[in-house]
Amino acid sequence: MRYAPTDSPVFTLTTGPVDAYPAVLRGLAAPVLYDYDPAFQATYQRVCEKLQPIVKSETVPLLLQGEPILGLEAAAASAIGKDDVVLNLVSGVYAKGFEGWAARNGAKVLELAVPYDEVIDPADVAAMLKQHPEVTVVAACHHDTPSGTINPVGEIGAIVQAHGALFLVDAVSSFGGMAIDAASANADFFITGPNKCLGCPPALSILGLSRKAWAKMKATAEAPRASILSILDWEDAWKSSEPFPFTPSVAEINGLEAAIDLYVSEGPENVWARHALTAKACRAGMQAMGLALWPKSEGFASPTATAVRTPDGIDEAALRAEVRARYGVVLSSGRGETLGRLTRIGHMGPTAQPLYALVAVAAYGGALTALGHSVDIGTGTAAVLAAIDAS
Ligand SMILES: *Cc1c(COP(=O)(O)O)cnc(C)c1O
């Protein structure tokens, strides 16, 4: 049997958008209230306040009404002025993409780059900052998703704070799926969203901001006002006593509240553990089939996505198409520089369940074999089960 491209897939094991939790879908279906109705304003405040203990930011987290690219671009526009010197830490496609936003107000942008299957070494950041005392802002991507690698942002952040610069961290695809928050990242701007590991649809940005971040934005003449990119306009919008600059995404706020409640009731440590175990089982299964992971070292492989190197001679797009047609499973491609070179299996939110690793390994192995690169699927699936059973 074959699934047609227009048939709904059976399993969406992607790196975002990801499947949403049923409780989130129920939250989204709540009545859409008028944004100035006191009941909605109270909900908005409650959601922002519920975020603070999980984001662990100095100030109440701020929501922007668009998926997290808005948060990243708004942070750059609001915090980086023409007189700033930015050090952009690049280990992947998202970090590289930040460069254009960092330069939008005319700031100078320096780069510390490593190959996209490696991660940034904090010692190199320290050396670079010593060499460039003029750096005022450092930007990093915690989990550069198209590489499936995790950067040591906590250590880097400590160096950046000692230098006195502002630290911006993209934690979109790691927050909620592993132990990372604004405090442990030493981040002034901790930019994330509910649409990856919290299991919501894409529609909101979550920003965990330090007091230093607010002071910097207020001192930045170029910081947008009366704009979709404005952060300053939303400063007090979390308080039910204050007006919104424009209509918030009412349904998405209800969905986010359901996601937070679910996350807290399951217990963040338990949520992270099932993300980590799913990724571990997936890596074990892929490696047992003789396949190589994209990250140079398993030590920095992400617990929220597994990137598998495409074997030589295999067309990666054809491979994913075969996985979908044969088994109804959707996986993610690489992006930019990693496009065509790897396939990614997402372990985010509801799909961070260990048995999904079995689905991914079997489907990937089956399609690969069908395309002429024969692998031992039995060994792969046995390794997945062994990893799960050993936990
Ligand atoms: C998903 C993601 C974002 C959000 O952007 P999209 O490309 O629109 O999905 C930003 N940063 C990272 C690292 C992400 O994984």
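Being a predicted model, the structure only gives us computed values, none of them experimental. Position numbers for residues count from 1 along each chain, tracking the sequence in the order it is written. Since the coordinates come from a predicted model, pLDDT governs what is reported: local features require at least 70, and pairs of side-chain atoms require 80 or more to be given and counted, while whole-chain, interface and lining totals use all residues. Based on all heavy atoms of the structure, the side-chain values leave hydrogens and waters out of the count.

Here we look at the overall build of the protein chain
- Each helix corresponds to a stretch of at least 4 residues labelled H or I by DSSP, and each strand to a stretch of at least 2 residues labelled E; elements are numbered beginning at the N terminus. Each helix and strand counted, the protein chain has twelve helices and 14 strands in total.
- Its C-alpha atoms give the protein chain a radius of gyration of 21 Å, within 12% of the compact-globule value 21 Å for 391 residues.
- For the protein chain, the C-alpha atoms occupy an extent of roughly 60 × 55 × 35 Å along the three principal directions.
- It only takes one pair of heavy atoms within 4.5 Å for two residues to be counted as in contact. Intrachain contacts of the protein chain at a sequence separation of at least 6 include 72% that bridge at least 24 residues.
- For accessible areas, the Shrake-Rupley method is used with a probe of radius 1.4 Å. Any residue's cover is judged against the shown protein chains and nothing else. Approximately 14600 Å² of the protein chain is accessible, and the part contributed by carbon and sulfur atoms is 56%. Two things to know: the radius of gyration comes from C-alpha atoms, and the globule rule equals 2.2 Å times the number of residues to the power 0.38.

Details of the layout of surface pockets
- Points on a 1 Å grid over protein atoms alone make up a cavity when a 1.4 Å probe fits among them but cannot get out, and a pocket when they form an open set with protein on both sides within 12 Å along at least five of seven lines; lining residues each have an atom within 4 Å of a point. Grid points are joined across faces, edges and corners, and a volume is the space filled by probe spheres set on the points. Volume-wise, the largest pocket comes out at about 250 Å³.
- Looking at side-chain class alone, the lining of the largest pocket contains nine nonpolar, six polar and five charged residues.
- Shared between two domains, the lining of the largest pocket holds at least three residues of each, these being domain 1 (11-19 + 268-389) and domain 2 (31-264). Following the grouping adopted for this structure description, the nonpolar residues are Ala, Val, Leu, Ile, Met, Phe, Trp, Tyr, Cys and Pro, the charged ones are Asp, Glu, Lys and Arg, and the polar ones are all others, Gly among them. An automatic or database domain assignment supplies the start and end points of every domain.

Details of the pattern of salt bridges
- Any Lys or Arg side-chain nitrogen found within 4 Å of a carboxyl oxygen on Asp or Glu counts as a salt bridge. Per the stated rule, a full pass over the model turns up 21 salt bridges.
- One salt bridge connects Lys218 with Glu235, and the closest N-O pair in it is separated by 2.9 Å. With a gap of 17 residues between them, Lys218 in helix 7 (residues 211-219) and Glu235 in the loop between helix 7 and helix 8 (250-266) connect regions that are remote in the sequence.
- What emerges from the salt-bridge pattern is a single network uniting Arg46, Lys50, Glu257 and Asp261.

Focus: the site of the ligand
- Any residue with at least one heavy atom within 4 Å of a molecule or strand is counted as near it. In the vicinity of the ligand, the contacting residues are Glu67, Ile69, Leu72, Tyr94, Cys141, His143, Thr145, Asp170, Val172, Ser173, Lys196 and Arg335.
- Glu67 places a side-chain nitrogen or oxygen 2.6 Å from an oxygen atom of the ligand.
- Distance and chemistry together define a polar contact, namely a pair of N or O atoms within 3.5 Å, with one atom able to donate a hydrogen and the other to accept it when in protein, and with adjacent residues in sequence counting only for side-chain atoms on both sides. The side chain of Arg335 places a nitrogen or oxygen atom 3.2 Å from an oxygen atom of the ligand.
- Here the ligand has 370 Å² of accessible area as a free molecule, and 88% of this is covered by the chains.
- Judged by the proximity of its atoms to the pocket grid, the ligand belongs to the largest pocket.
- Here the residues of the shell around the ligand sort into five nonpolar, three polar and four charged. For a cavity or pocket, the test is whether more than half of a molecule's atoms lie within 2 Å of its grid points; if they do, the molecule sits there.

A look at the UniProt feature "binding site: substrate" (unreviewed entry) in the protein chain
- UniProt positions are given in the numbering used here, feature names are shortened, and annotations may be inferred rather than shown by experiment. Mapped onto this structure's residue numbering, the UniProt feature "binding site: substrate" (unreviewed entry) falls at Arg344.
- Residue position: Arg344 is located in strand 14 (residues 342-346).
- When sequence neighbours within four positions are dropped, the list of residues in contact with Arg344 reads Leu13, Thr15, Thr145, Pro146, Thr306, Ala307, Leu331, Ser332, Ser333, Gly334 and Arg335.
- Only 3.3 Å separates the side chain of Arg344 from the side chain of Thr15, close enough to count as a polar contact.

Some words on the packing of helix 11 (residues 354-370) against helix 12 (residues 377-389)
- Across the interface, helix 11 lies against helix 12 with an axial gap of 9 Å and an inter-helix angle of 170 degrees. Classed by the angle they form, the pair helix 11 and helix 12 counts as roughly antiparallel. Only Ile377, Gly380, Thr381, Val384, Leu385 and Ile388 of helix 12 make contact with helix 11, whose side of the interface consists of Pro354, Leu355, Ala357, Leu358, Val361, Ala362, Gly365, Gly366 and Thr369. Every angle, taken between N-to-C directions, lies between 0 and 180 degrees, and every axis is a line fitted to C-alpha atoms, over only the stretch in contact when it is a helix. An angle below 35 degrees is treated as roughly parallel, one above 145 as roughly antiparallel, one from 65 to 115 as roughly perpendicular, and anything else as oblique.

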